[in-house]
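# Fold and contact review
So you can see what is in the structure, the chains are spelled out below.
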Amino acid sequence: MVLGNRAGGRPHRRGFGKDWAAALPWWVLPLLGLALVLLLMKGLAVLVARAGWPILLGGGALAVTAAAAVVRGLRQRRHALVQGPAGLSLPEIDSLGHRQFEEAVCGLLQRDGVRAERVGGAGDQGADVIGIDAWGRRVVVQCKHTTVAAKVGDQVLQVVSGTARPIHRADLAVVVTNGGFTRNALKNASDYGTLLVDRQLLERWATGGESLYKLLGVGAPAPRGRWRTGFRNP
């Protein structure tokens, strides 16, 4: 769904580097780890049959070391998904936890040039990520990580609409989900003044690297006073 006005430019964008783990497909590391463990077990069985317990102890230590290396690789990959989200696929996004999803959305906003910070948690009052964009506008985001088939309902939009501007002083209120939105949510979003990012838009934002503002049709605001005239990109 595309909301907002298309006039104006787009914010400055920054990129993130990728480490070796982030560059691999999500299934490669677990598969390599399983193959390594099976190979070690077969080798240990042969060595024990020939040399007995001393070889078993040494081989066990080697197996533990190899397993620890695989675990470190998986942790590095998960860290890279959250800290450097450029190029995230939908299966990778679906595998994240709620907090990690919020951190990934925060990272994507930062990639777009928004000075964003994750603030979600108990008592967050409808805001998981808050940022300041290149024109000084305050962006408040509610993140809804859910199963693929699930849809975010109108009640969520009511909460965001009731808190984003009065409490968080938002200029732009956004709801991001890896699922979809109910018919009522889609129908009422414009009345609530809330921008919606569903699974399809999220894929283009995260995987394709397109700017969120471009996807939503949000442009530069009309100048309102001297304080906006001299604002520069972060």
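Residues numbered from 1 in each chain as written. Predicted model: local features only at pLDDT ≥ 70, side-chain atom pairs only at ≥ 80, totals over all residues. Heavy atoms only, no water.

Across its full length, the protein carries 10 helices and 7 strands. Across the protein, the fraction of contacts at a sequence separation of at least 24, relative to all contacts at a separation of at least 6, is 64%. Summed over its atoms, the accessible surface of the protein is roughly 12600 Å², and 60% of this surface lies on carbon and sulfur atoms. (Helix = DSSP H or I, 4+ residues; strand = E, 2+ residues; numbered from the N terminus. Contact = heavy atoms within 4.5 Å. Areas by Shrake-Rupley, 256 points an atom, 1.4 Å probe, with all protein chains shown as cover.)

Here we take up helix α5 (residues 98–111). With 14 residues, α5 extends 20 Å between its outermost C-alpha atoms, agreeing within 8% with the 20 Å of an ideal straight helix rising 1.5 Å per residue. If you check which residues of α5 are buried, you get Phe101, Glu102, Ala104, Val105, Cys106, Gly107, Leu108, Leu109 and Arg111. (Expected span 1.5 Å × (residues − 1). Buried < 20%, exposed > 50% of the residue type's maximum accessible area, 1.4 Å probe, protein only.)

All right, on to the packing of aromatic side chains then. We describe a pair of aromatic rings using the distance from one ring centre to the other and the angle between the two ring planes. Scanning the entire structure with this criterion turns up 1 aromatic pair. Ring geometry for Trp135 versus Tyr213: centroids 6.2 Å apart, planes at 15 degrees, classification stacked. A residue pair is termed long-range when its members are at least 10 positions apart, and Trp135 in the loop between β2 (129–132) and β3 (138–144) and Tyr213 in helix α9 (residues 212–216) qualify at 78 residues. The two residues Trp135 and Tyr213 agree in class, both being buried. (Phe/Tyr/Trp six-rings, centres within 6.5 Å; stacked < 30°, edge-to-face > 60°.)

With that settled, consider the side chain of Gln142. Along the chain, Gln142 turns up in strand β3. Not counting residues within four places of it along the chain, the set of residues in contact with Gln142 comprises Gly126, Ala127, Asp128, Val156, Val160, Val174, Val175 and Val176.

All right, on to the pattern of salt bridges then. Oppositely charged side chains can pair when the atoms bearing their charge come close. Under the definition given, this model contains 6 salt bridges. Measuring nitrogen to oxygen at the nearest pair gives 2.9 Å for the salt bridge that ties Asp94 to Arg199. Placement of Asp94 in helix α4 (residues 90–94) and of Arg199 in helix α8 (residues 199–206) is noted, with a sequence separation of 105 residues between them. A residue is classified by how much of its surface remains accessible, and Asp94, at 25% relative accessible area, is partly exposed. Here Asp133 ties to Arg137 by a salt bridge, and the two come within 2.9 Å at their closest N and O atoms. (Salt bridge = Lys/Arg side-chain N within 4 Å of Asp/Glu carboxyl O.)

Moving on: the environment of Leu88. Residue placement: Leu88 occurs in the loop between α3 (53–83) and α4. Note: C-alpha distance between Leu88 and Arg204 (116 residues apart in sequence) is 9.8 Å.

Okay, α8 next. Buried within α8 we find Arg199, Leu201, Leu202, Trp205 and Ala206. Down the axis of α8, the buried set is contained in an arc of 160 degrees. They therefore lie on one face. Near the N-terminus of α8, the side chain that reaches the backbone nitrogen of Gln200, with its oxygen 3.3 Å away, is that of Asp198. (Arc of directions from axis to C-beta. Polar contact = N/O pair within 3.5 Å; in protein donor to acceptor, adjacent residues only side chain to side chain.)

Glancing now at the sheet that holds strand β7 (residues 194–197). Ordered in space as β1-β2-β3-β5-β7, the 5 strands form an open sheet in which the pairing is mixed. Every interior strand has two partners, whereas the edge strands, β1 (115–118) and β7, have only one. Shown here is a sheet whose adjacent strand axes are inclined to one another by a mean of 20 degrees, direction ignored. Note that β2 and β3 share 4 bridges and pair antiparallel. Opposite Ile132, over in β3, you have Arg138 as the bridge partner. (Pairing = 2+ DSSP bridges. Axes fitted to C-alpha atoms, helices over the stretch in contact; angles between N-to-C directions.)

With that out of the way, let us pick up the confidence of the model for the protein. Within the protein, residue pLDDT values average 75, and 61% of them lie at 70 or more. Scored below 50 in pLDDT, residues 74–85 makes 34 contacts in the model with residues more than four places away or belonging to other chains. (pLDDT = per-residue confidence, 0-100.)

Next up on the list: the packing of α5 against α8. Relative orientation of the contacting elements α5 and α8 amounts to 55 degrees, with a least axis distance of 11 Å. Classified by the angle their axes make, α5 and α8 are oblique. Our pair here, α5 against α8, has a crossing hand that is left-handed. Seen from α5, the contacting residues are Phe101, Val105, Leu108, Leu109 and Arg111; seen from α8, they are Leu202, Trp205 and Ala206. Its residues assigned to classes, the contact of α5 with α8 shows 7 nonpolar, no polar and 1 charged. (Parallel < 35°, antiparallel > 145°, perpendicular 65-115°, else oblique. Left-handed = near helix turned anticlockwise from the far one by under 90°. Nonpolar A, V, L, I, M, F, W, Y, C, P; charged D, E, K, R; others polar.)

A separate point is the nonpolar core. Soluble globular proteins: nonpolar side chains tend toward being buried together. Within the largest apolar cluster, 32 residues are counted, with the highest numbers of intra-cluster contacts made by Leu109, Val141, Val176, Val197 and Trp205. When residues of this core are traced back to their parent elements, those giving at least two are α4, α5, β3, β5 (172–177), β7, α8 and α9. Core analysis: the next-biggest nonpolar cluster, separate from the first, contains 15 residues, Ala164, Ala173, Ala189 and Leu196 among them. (Core = buried A, V, L, I, M, F, W, Y, C linked by side-chain atoms within 4.5 Å.)

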